[in-house]
Amino acid sequence: MLLARRLCTSCLRAKCTTSSIANSSNGNRFALLQQINNSIILSRAIPVVHHRAISTSRDTVEINGTSYKTDSWFNIPPNVIDKIPRRLHLQKDHPIYITRQIIESVFPPPTYNYHNEFNPVVTTHQNFDSLGFPKDHPGRAKGDTYYINGDTLLRTHTSAHQADVFRANLSEGYLISADVYRRDEIDKSHYPIFHQVEGARSWDRAKVANGDATAAILSDLEKLPDHPIEVQDPNPPFHDERNPRQEAHHSPAEVEAISAHLKRSLELMVVEIFTRAKAAAVRADPNYVGEPLQVRWVEAYFPFTSPSWELEVYYDGDWLEVLGCGVVKQDLYINAGVPNQLGWAFGVGLERIAMLLFQIPDIRLFWSQDERWYNQFKGMSDNLDSLKPFVPFSKYPACAKDISFWLPSSFVESGDTKANKYKWCENDFMEILRSVAGDVVEDAKLLDQFTHPKTGRKSMAYRINYRSLERTLSNKEANYLHEKVRESLVEKLGVEIR
Ligand code: DAH
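On a predicted model such as this, the values are computed, not experimentally measured, just so you know.

A. Quick peek at the sheet that holds strand β6 (residues 121-123). Strand order in the open sheet formed by 3 strands is β6-β8-β7, and the pairing between neighbours is antiparallel. Looking at which strands have only one partner, the edges of the open sheet turn out to be β6 and β7 (147-149). If you compare each strand with its neighbour and ignore which way they point, the axes differ by 30° on average. As defined by bridge partners, β6 adjoins strand β8 (residues 152-154) across 3 bridges and the pair is classed as antiparallel. Paired with Val121 across the strands is Leu154, a residue of β8.

B. Region of the structure containing the sheet that holds strand β12 (residues 294-302). Within the open sheet, the 8 strands sit side by side as β5-β9-β10-β15-β14-β13-β12-β11. Their pairing is mixed. Of all strands in the sheet, those with a lone pairing partner are β5 (112-115) and β11 (230-232), marking the two edges. Recorded for the sheet is a direction-independent mean angle of 25° between the axes of neighbouring strands. In this structure, strand β9 (residues 173-181) lies alongside strand β10 (residues 193-204), joined through 9 bridges in antiparallel fashion. Bridge pairing links Leu175 to Gly199 in β10.

C. Molecular detail of the site of the ligand. The full set close to the ligand counts 18 residues, and His157, Ser159, Gln162, Arg182 and Glu198 are the nearest of them. Here Ser159 contributes a side-chain N or O atom positioned 2.8 Å from a nitrogen atom of the ligand. In the model, an oxygen atom of the ligand is placed 2.9 Å from a nitrogen or oxygen of the Arg182 side chain. Coverage of the ligand by the protein chains reaches 100% of its 360 Å² of free accessible surface. Contributions of two or more residues to the shell around the ligand are made by β10, β14 (318-328) and β15 (341-349). Across the shell around the ligand, the residue classes break down as 7 nonpolar, 9 polar and 2 charged.

D. The arrangement of the layout of surface pockets in detail. In this structure, the largest pocket encloses a volume near 540 Å³. In this structure, the largest pocket is lined by 22 residues; those nearest its centre are Phe274, Tyr288, Gly290, Glu291 and Tyr315. Broken down by secondary-structure element, the contributors of at least two residues to the lining of the largest pocket are α7 (252-284) and β13 (305-315). The dominant element in the lining of the largest pocket, judged by the number of residues it contributes, is α7, at 7 residues. Considered class by class, the residues forming the lining of the largest pocket number 14 nonpolar, 4 polar and 4 charged.

E. View of the environment of Ala200. As for its position among the elements, Ala200 is in strand β10. Owing to a relative accessible area of 1%, Ala200 belongs among the buried residues under this scheme. Between the C-alpha atom of Ala200 and that of Glu172, which follows or precedes it by 28 residues, the distance is 8.3 Å. With sequence-adjacent residues up to four places away left out, Ala200 is seen in contact with Tyr112, Phe166, Glu172, Gly173, Tyr174, Trp344 and Ala345.

F. Structural view of the nonpolar core. With 78 residues, the main nonpolar core has Leu154, Phe346 and Phe366 as its most contacted residues. The element best represented in this core is α7, accounting for 12 residues. When sequence neighbours within four positions are dropped, the list of residues in contact with Phe346 reads Phe107, Leu175, Val197, Glu198, Gly199, Leu266, Met269, Gly324 and Cys325. Residues Phe411, Trp424, Met430 and Val485 belong to the second largest nonpolar core, which totals 27 residues.

What counts, and where the lines are drawn
- Residues numbered from 1 in each chain as written.
- Predicted model: local features only at pLDDT ≥ 70, side-chain atom pairs only at ≥ 80, totals over all residues.
- Heavy atoms only, no water.
- Pairing = 2+ DSSP bridges.
- Helix = DSSP H or I, 4+ residues; strand = E, 2+ residues; numbered from the N terminus.
- Axes fitted to C-alpha atoms, helices over the stretch in contact; angles between N-to-C directions.
- Near = heavy atom within 4 Å.
- Polar contact = N/O pair within 3.5 Å; in protein donor to acceptor, adjacent residues only side chain to side chain.
- Areas by Shrake-Rupley, 256 points an atom, 1.4 Å probe, with all protein chains shown as cover.
- Nonpolar A, V, L, I, M, F, W, Y, C, P; charged D, E, K, R; others polar.
- 1 Å grid on protein atoms, 1.4 Å probe; cavity = no way out; pocket = protein on both sides within 12 Å on 5 of 7 lines; lining within 4 Å.
- Points joined across faces, edges and corners; volume = space filled by probe spheres on them.
- Buried < 20%, exposed > 50% of the residue type's maximum accessible area, 1.4 Å probe, protein only.
- Contact = heavy atoms within 4.5 Å.
- Core = buried A, V, L, I, M, F, W, Y, C linked by side-chain atoms within 4.5 Å.

Structure, rendered in structure tokens:
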């Protein structure tokens, strides 16, 4: 039930639907920010309790060499803008690059062609409308998504390019790898920028022998290798209520053939990744045994596929969701001018896979420029049989600091759409932490919240863990950062420190 809550292959939490901060794109963090707007933006379909929207004094922002006009929707902080050019999926020997290479090896040309350089700046149409996202989908909210202006954003997923690639119709299958952007909480597996690979495989009814798509798909399925792993797949290929077939477009036999081809293809991808992960672990420790790989298919929901599934892998005692996929909604093909095609698509987050593959303990490491990090992977891109787990540097001590504050008195719980009301959005809080302390914030957890019985004011308490991955942070530095966080929260969110 992924997208019922929000669009995500890396986390499943429901999110708030409004945002309050935007900030300057120049180096002087937040210095140019000013509160200007206390009104509801009525033109958007999402019921937004708008509040302390903050604007920059400049009206353009430059991303990868192109200048874009900003408006009151602009909410991308400098620490995100600065990282856009890094494109980790294109940096040879980087674990994200290596993970992409492994995935590509399972989907070879000429059936599949690869798109690795699409611009991260896309329109709301590409990211949402072209995929059938409803106008009030929570993923569209400023609290979840980085906007340049009301019509333009940093893609939140590689699916943003699906319609365009279907329209270009260059090959039967394709893979897209790219950096994607989401406003999110802070912990060891969430970062506002991460990477995905998108894939799809289509068949053309007008081109297959005798116009029999089912036979063509089943014949392609037979050409795929078998694999030895245990797969749990207890549900039928489609289910009228829970996971419906697109009745107007696909016969039951077509859906069964597409889903069988999809599942085998993605199981082969997971086998390839985990076989390499095991070989890497054995290279580091010849006595490593590990557990046999187990995977299972779970019914899911995405606006752009039906039926839909997630693939989960049993890892370290837990079922871990690794990808989302399904039978492509026929409207996508129709709107892309290729109505005779039918097929499947999937999307997978690369950080989570790379963390398993290389035993990387913290997502911040992917962005490290420390030679103790990148030297460990040198030469691996040219020899995928030389992969080895990451050896962490010594673990530096954490400094935990608590903070508690009253929300502005105009605070309302969700649901109220009256003007001049303040709605708490945790992602705004998280973004301020990242903007002040960067990658030195390891995580931030809600400790407590309560509403004062007399005044009705709401209090929040968080514990923030400061820890550098690269050196020991002194208590003095942590205190300094914490003080800056306090000041920034007061200035940007109007809270009152307790
Ligand atoms: N875009 C989805 C996400 O980020 C993942 C996904 C699911 C991609 C299903 C697909 C798909 O192509 O068919 O959560």
